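Listed below are the residues making up each chain.
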Amino acid sequence: MDLENQTQETQFYRTIKTFVLRAGRMTPTQQKDYQELSGRWCIPYTDSHLNYTQIFNNTNPVTIEIGFGMGKATAIIAADNPDKNYLGLEVHRPGVGKLLGEIRRRSLENIYIVEHDALEVLEKMIPDGSVSGFHIFFPDPWPKKKHHKRRLVQRPNTDLITKKLVPGGYLYMATDWEPYAEFALEQLEQTPGLKNKYQGFAPHQEWRPETRFEEKGLDKNHVIRELFFLRQED
């Protein structure tokens, strides 16, 4: 694919949102936490690259979570790894409010939030070769065939994500939707610069806590599939 066609394809995908803004109501606690804490821990969307050192006041590696939902796993992972920095990308305000409350409750200093479309954030705000890892836990599977184009984990989105990773950095996805898992495995294996750390699906990474969506999937007897890919060394 030549550069012009690739650019046109990328622009086409950018017009297709990988999410739908649902009209979920915030609880009084979430609303309070959002009002009191968003000014401190939410970074406004801009068209310029982030300076991680200025934001986190250190040079620790940065991991980005795309679509953290209600932020349960996000907060636990950040609390378990104070020597790493975390940037959560989410568009649903109730989840943002919930995670802000967890940041306060756990006295976290190593996590910030951008409340905006993740693909636009990656394009405009995240420098190339600057991210040590991406977490994509239980993204919307868009099960209907006509909606497959909305799936996050597919090319050229995976090309963009790969470009943001440091050499040796990782992309870690988990899903309870088997067809999406197989689709994502195929797409990731076709993404230049990525290499599967395992043969096929990955074993469960013990450091990843259960998410609310995972609990719902297990209640429905869904099989949890995990994928773990590495950015190849240049």
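Enquirer: Can you help me understand helix α8 (residues 178-189) in this one?
Expert: The first and last C-alpha atoms of α8 sit 17 Å apart over twelve residues, in line with the 16 Å expected at 1.5 Å per residue. Within α8, burial applies to Y180, A181, F183, A184, L185, Q187 and L188. At its buried positions, α8 is contacted by α7 (157-164), β5 (165-175), β6 (194-196) and β7 (225-231).

Enquirer: Can you help me understand the pairing of strand β3 (residues 111-114) in this one?
Expert: Looking along a regular strand, one sees the side chains alternate between the two faces of the sheet. Of the two faces of β3, the one carrying I111 and I113 and the one carrying Y112 and V114 are both buried. Summarising the sheet, strand β2 (residues 85-89) and β3 pair through four bridges and their orientation is parallel. From the neighbouring strand, Y86 faces β3, where its bridge partner is I111. Crossover β2 to β3 through helix α5 (residues 93-106) is right-handed.

Enquirer: What is the right way to read unusual backbone geometry from this model?
Expert: Trans is the common state for peptide bonds, and a negative phi is the common state for residues other than glycine. Here R155 and P156 are connected by a cis peptide whose omega angle stands at 5°. Tracing the chain through its elements places P156 in the loop between β4 (131-137) and α7. The phi dihedral of S107 is positive, around 55°, even though this residue is not glycine. With respect to the helices, strands and loops of the structure, S107 is situated in the loop between α5 and β3. Residues other than glycine seldom take positive phi values, yet F138 does so here, at roughly 55°. Mapped onto the elements, F138 comes out in the loop between β4 and α7. Residue class for F138 comes out buried when judged on its relative accessible area of 9%.

Enquirer: Got a minute to help me understand α5 in this structure?
Expert: Three or four residues apart is the spacing at which side chains of an α-helix point the same way, because the helix has 3.6 residues per turn. A rise of 1.5 Å per residue sets the reference length of α5, with its 14 residues, at 20 Å; its end C-alpha atoms lie 20 Å apart and thus fit the reference within 8%. Buried residues along α5 sit in contact with α2 (28-41), α4 (72-80) and β3. Positive phi shows up at S107, right after α5, with a value of about 55°.

Enquirer: How should the sheet that holds β7 be read in this particular structure?
Expert: Hydrogen bonds along the backbone pair up the strands of a sheet, which may run parallel or antiparallel. One open sheet holds the seven strands; their spatial order is β3-β2-β1-β4-β5-β7-β6, and the pairing between them is mixed. Looking at the sheet topology across the chains shown, the edges are occupied by β3 and β6. For this sheet, the mean angle separating the axes of adjacent strands, direction not counted, is 20°. Pairing between β4 and β5: six bridges, direction parallel. In the strand pairing of β5, H135 is matched with Y172. Along the sheet, α7 makes contact with β1 (62-66), β4, β5, β6 and β7, crossing β5 at roughly 135°.

Enquirer: Please explain the packing of aromatic side chains as it appears in this structure.
Expert: How two aromatic rings sit relative to each other is set out by the distance from centre to centre and by the angle between their planes. Tallied over the full model, the rule gives eight aromatic pairs. On the basis of an interplanar angle of 55° and a centroid distance of 5.0 Å, the ring pair of W41 and Y112 is categorised as tilted. Placement of W41 in helix α2 and of Y112 in strand β3 is noted, with a sequence separation of 71 residues between them. Residue class for Y112 comes out buried when judged on its relative accessible area of 9%. Seen from their ring centres, Y170 and F228 are 5.1 Å apart, and the 15° between their planes marks the pair as stacked. Placement of the pair is Y170 in strand β5 and F228 in strand β7, with a sequence separation of 58 residues. Linked through ring pairs, F137, Y170, Y172, Y198, W207 and F228 together constitute an aromatic cluster. One residue, R40, lies across the ring of W41, its end atom 3.8 Å from the ring centre. The ring of F228 has K197 sitting right over it, with the charged end atom 5.1 Å from the ring centre.

Here is what the cut-offs are and how they apply
The residue numbering used here restarts from 1 in each chain and proceeds along that chain's sequence as written. Since the coordinates come from a predicted model, pLDDT governs what is reported: local features require at least 70, and pairs of side-chain atoms require 80 or more to be given and counted, while whole-chain, interface and lining totals use all residues. Hydrogens and water molecules were not included; the side-chain quantities draw on all heavy atoms of the structure. Strands are runs of DSSP state E lasting at least two residues, helices are runs of H or I lasting at least four, and both sets are numbered from the N terminus onward. How far a helix is expected to stretch is found by multiplying one less than its residue total by 1.5 Å. Burial classes: relative accessible area under 20% of the type maximum marks a residue as buried, over 50% as exposed, and values in between as partly exposed (1.4 Å probe, protein chains only). Contacts: residue pairs with any heavy atoms within 4.5 Å of one another. Between any two strands, pairing holds if DSSP finds at least two bridges. Looking down the strands as they point away from the viewer, one classifies a crossover as right-handed if the path from the first strand across the helix to the second runs clockwise. Think of each axis as a best-fit line through the C-alpha atoms, taken over the contacting stretch in the case of a helix, with angles from 0 to 180 degrees between the N-to-C directions. Two rings belonging to Phe, Tyr or Trp (six-membered ring only in the last case) form a pair when the distance between their centres is within 6.5 Å. Interplanar angles under 30 degrees mark stacking, angles over 60 mark edge-to-face geometry, and anything in between is tilted. Two conditions define a charge located above a ring, namely a distance within 6 Å from the ring centre to NZ of Lys or CZ of Arg, and an angle within 35 degrees of the ring normal.

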